[in-house]
Structures are given as C-alpha cells and as structure tokens.
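Residue-level listing of the chains:
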Amino acid sequence: MPLDPSLRAYLDGLAAMNVPPISALKPQVAREAIAAQLATAQVKEPVAHVEDRRIPGPAGEIPIRVYRPAGAGPFPLLVFFHGGGWVICNLDTHDGLCRSLANGAGCVVVSVDYRLAPEHKFPAAPEDCYAATRWVAEHAAELNGDARRLAVGGDSAGGNLTAVVTHLAREQGGPPLVFQLLIYPATDFTADTPSRRENGQGYNLTLDDMLWFANQYLNSPEEVRNPLVSPMLREDLRGLPPALVITAEYDPLRDEGERYGERLREAGVPVTIHRYEGMIHGFLTPPIPLRQAQDAIAECCQALRQAFGL
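All values reported here derive from a predicted model rather than from experimental measurement.

Asker: An account of the packing of aromatic side chains is requested, with residue identities and associated values reported.
Answerer: Following the criterion strictly, the structure yields 8 aromatic pairs and no others. Consider the rings of Tyr184 and Phe283, whose centres lie 5.8 Å apart with planes at 50°: the pair is tilted. Of this pair, Tyr184 sits in the loop between β6 (179-183) and α6 (194-199) while Phe283 sits in the loop between β8 (271-276) and α9 (291-308), placing them 99 residues apart in sequence. There is no split in this pair, since Tyr184 and Phe283 are both buried. Relative to Phe283, the ring of Tyr276 lies with its centre 5.3 Å away and its plane at 45°, an arrangement referred to as tilted. Each member of the pair, Tyr276 as well as Phe283, carries the same accessibility label: buried. Taken together, the ring pairs connect Trp86, Phe122, Phe189 and Tyr217 into an aromatic cluster.

Dropping the structure here:
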C-alpha cells in the first residue's frame, strides 16, 4: 500500500528543511538530535513504579531502568534492549515504549543502557545485554518478578541484540527464556535484499545510515559474518524461544527480519511475523502520532501476555 500520508508529509518536511542524515553527523551530535526529537514526541503513560539502578557488568556497571505495573506481583519479566544502531538512543529515548509495554503486558520491564559504539565496539553491546539478562533472572525476586516467565525484546539494533541474547542463553546454559520480541530487527549485515534496494533512500533509515552504524559498531569488515553480529548466519536455530517479529513495509530491514522469522519457523520455533503496511523503520517510537504504532504496541503486549500465561 502507499506510504502512510502523515509519514509522507513528515518525510517531505524533513527534505524541505535539508535536515542532515545521521550518516553526516558525529556520533554525539546524532545522539543529541535523536534524543531531542523523541523527547518531544513520546507519549509517557503513568506506571506504578519506575526506578533507575546500576548493575554489575563485564566492564563496569550497566545502567538499567525498571518499570513495574500496578498490582501485587510477582510479575513476569521483559528485558528490553533499545534500538539506535548500537550508537545512539538510551533509556530516555525508549521510556515511553517501555512504559506502554509494562502496563499493557502486565510485566516488569528492565530497560538496559548497554555500552554504545564507537566508544565501545562489538562485542560490548551483546556482552552487556546478556549479562543484564542473567542478572535479571538471578535477581527476579528482588524486582518482584518471576524468573520462570522471562522474555527478551528490542527494536532495530535492540532486536538484533535480542536475537543474539537468545543464542547466548541457549549455548551458555541459560537463563531459560519464554519469548523473544523482535521489532524490525537487523539480522544480517551481509544481506542484499529487495527491501534494502527499494527502501534504502527516502524512508528515514538509509543505506548510508546503515553503513555508518556498521562502521561505528564493528572493529573490521570481517566481523559482519560473526553470528553474534549477524544472527541470521547461525546455522542452527532450534530450541530458541517463541517469537513475534514486527516489520515495516518501507523499511530496508524488512526482508531480513521476515527471513529470520521464517528461519526460526523452519527450525520448529513458534513464530508470528506481522508486516505493518505503509510504515517505516522506527514507527513504534514515532516522531509524530501514528495509530499503527499503538496497534503494534498492543500486539506486542498481547503476545507477551500469552507467552507469560496471563
């Protein structure tokens, strides 16, 4: 279907203002620009309890933000990894989404502020995310959570990290995970897909941006073939947790996200793949109000509730 009219007007407005692309900016400038944009666009629901903490990590403390819904608990748990190409975004840029997930799914959400590139290149981000997931499992009672109902999730780069954490949990003895939420995930740095060719210019995330993110994140071009960078390249996907994969029609990452979901299904993993027509990359944390964003968040919450047995 055509690009959503409100998104078309938004993108045309950016083009008319000659807003520089992320790929033309230094990392810190890009971080400040995205943070300022999302700070004004977010809808932040009230949550029963929100707390910032710091937990042990492989290279120092990892900041986290804990969202607890109303009720007595113990609650299921979702460890959430924000997007931003492993370079930009933070706890604040995804605060609104995490609040909605905590309320809608009836779970404790632990948002992880993993180390960012280029200051901390691969494998810093997956190391932090896996360490945080293990910590949440081990300290579930302290969070008024139930470690037997533990899920992981994230958007974009966070979706990539979600997939990687499920592989690490399977291969390193846990923790057991009941679900993975993959929101327009990056799954294959080596991909040359129709969606990259069709949507690589003019739809918010460009191929130049993607190359810029990769150059910031990786130590060498050869690392694109590491399965901890490109989880699509993992040969065996059996035994991974059930998944919801959300993609967007006008997203260059669309095809690799859907293909990863198909590979999970081929490996016997229960998977739902839902493409949101007329949408672009990043539409769950939109710069403008979008009905489809609320629909997608509701779908995420319902899938989590089902996985948690609520």
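Continuing now.
Asker: Tell me about the sheet that holds strand β2 (residues 60-68), and please be specific about residues and values.
Answerer: Pairing is mixed across the open sheet formed by 8 strands, whose spatial order is β1-β2-β4-β3-β5-β6-β7-β8. The sheet terminates laterally at β1 (49-57) and β8, the two strands that pair on one side only. Between one strand and the next, the sheet's axes are offset by a mean angle of 20°, whatever the strand orientation. Helix-sheet contacts for helix α5 (residues 157-171) involve β3 (75-81), β5 (145-155) and β6, and the interaxial angle to β5 is about 135°. Strands β6, β7 (243-248) and β8 of the sheet are contacted by helix α8 (residues 254-266), whose axis makes an angle of about 160° with β8.

Asker: Go over the environment of Arg170, please, and point to the residues and values.
Answerer: Its place among the elements puts Arg170 in helix α5. Residue Arg170 is classed as partly exposed on the basis of its relative accessible area, which comes to 28%. The sequence separation of Arg170 and Arg238 amounts to 68 residues, and the corresponding C-alpha distance is 9.5 Å. Residues in contact with Arg170, not counting those within four places in the same chain, are Arg234, Asp236, Leu237, Arg238, Gly239 and Leu240. Polar side-chain contacts of Arg170 include one of 2.7 Å to the backbone oxygen of Arg238.

Asker: Report on the packing of helix α4 (residues 124-138) against α5, specifying residues and quantitative values.
Answerer: Any two packed helices are characterised by how steeply their axes cross, that is the angle between the axes, and by the distance between the axes. The N-to-C vectors of α4 and α5 enclose an angle of 60°; their axes lie 9 Å apart at closest approach. As judged from the angle between their axes, α4 and α5 are oblique. The element α4 and its partner α5 pack so that their crossing is right-handed. Of the residues in α5, those in contact with Ala125, Pro126, Cys129, Tyr130 and Thr133 of α4 are Leu161, Val164, Val165, Leu168 and Ala169. Tallied by class, the residues present in the contact of α4 with α5 amount to 9 nonpolar, 1 polar and no charged.

Asker: Tell me about the environment of Cys89, and please be specific about residues and values.
Answerer: Mapped onto the secondary structure, Cys89 falls in the loop between β3 and α3 (95-105). Those residues within four positions of Cys89 in sequence are excluded, and the remaining contacts are Ile34, His82, Gly83, Gly84, His94 and Leu116.

Asker: Explain the pairing of strand β4 (residues 108-112) residue by residue, including any values.
Answerer: Across the 5 residues of β4, 5 count as buried, placing the element largely inside the fold. Here β4 shows two buried faces, one formed by Val108, Val110 and Val112 and the other by Val109 and Ser111. Two strands pair when backbone bridges link them, and β2 and β4 are joined in this way by 4 bridges, in the antiparallel orientation. Looking at the pairing, Tyr67 lines up with Val109 of β4. By the bridge criterion, 5 bridges tie β3 to β4 in an arrangement that is parallel. The partner of Val79 across the bridge, within β4, is Val110. On the question of chirality, the crossover connecting β3 to the parallel β4 by way of α3 is right-handed.

Asker: Now, about the packing of α3 against α9: what can you tell me, with residues and values included?
Answerer: Taken N-terminus to C-terminus, the directions of α3 and α9 make an angle of 45°; their axes are 9 Å apart at the nearest point. Judged on the interaxial angle alone, α9 and α3 are oblique. Our pair here, α3 against α9, has a crossing hand that is right-handed. Where α3 approaches α9, its residues Leu97, Ser100, Leu101, Gly104 and Ala105 are matched on the opposing element by Ile297, Cys300, Cys301, Leu304, Arg305 and Phe308.

Asker: Tell me what's going on with the state of the cysteines, and back it up with residues and numbers.
Answerer: Summed over the entire model, instances satisfying the criterion amount to 0 disulfides. Cys301 supplies the cysteine sulfur nearest to Cys107, a cysteine that is in no disulfide, at a spacing of 7.5 Å. Distance from the sulfur of Cys300, which forms no disulfide, to the nearest cysteine sulfur (Cys301) is 6.7 Å.

Rules of the game
- Residues numbered from 1 in each chain as written.
- Predicted model: local features only at pLDDT ≥ 70, side-chain atom pairs only at ≥ 80, totals over all residues.
- Heavy atoms only, no water.
- Phe/Tyr/Trp six-rings, centres within 6.5 Å; stacked < 30°, edge-to-face > 60°.
- Helix = DSSP H or I, 4+ residues; strand = E, 2+ residues; numbered from the N terminus.
- Buried < 20%, exposed > 50% of the residue type's maximum accessible area, 1.4 Å probe, protein only.
- Pairing = 2+ DSSP bridges.
- Axes fitted to C-alpha atoms, helices over the stretch in contact; angles between N-to-C directions.
- Contact = heavy atoms within 4.5 Å.
- Polar contact = N/O pair within 3.5 Å; in protein donor to acceptor, adjacent residues only side chain to side chain.
- Parallel < 35°, antiparallel > 145°, perpendicular 65-115°, else oblique.
- Left-handed = near helix turned anticlockwise from the far one by under 90°.
- Nonpolar A, V, L, I, M, F, W, Y, C, P; charged D, E, K, R; others polar.
- Right-handed = clockwise from strand over helix to strand, strands pointing away.
- Disulfide = S-S within 2.5 Å.

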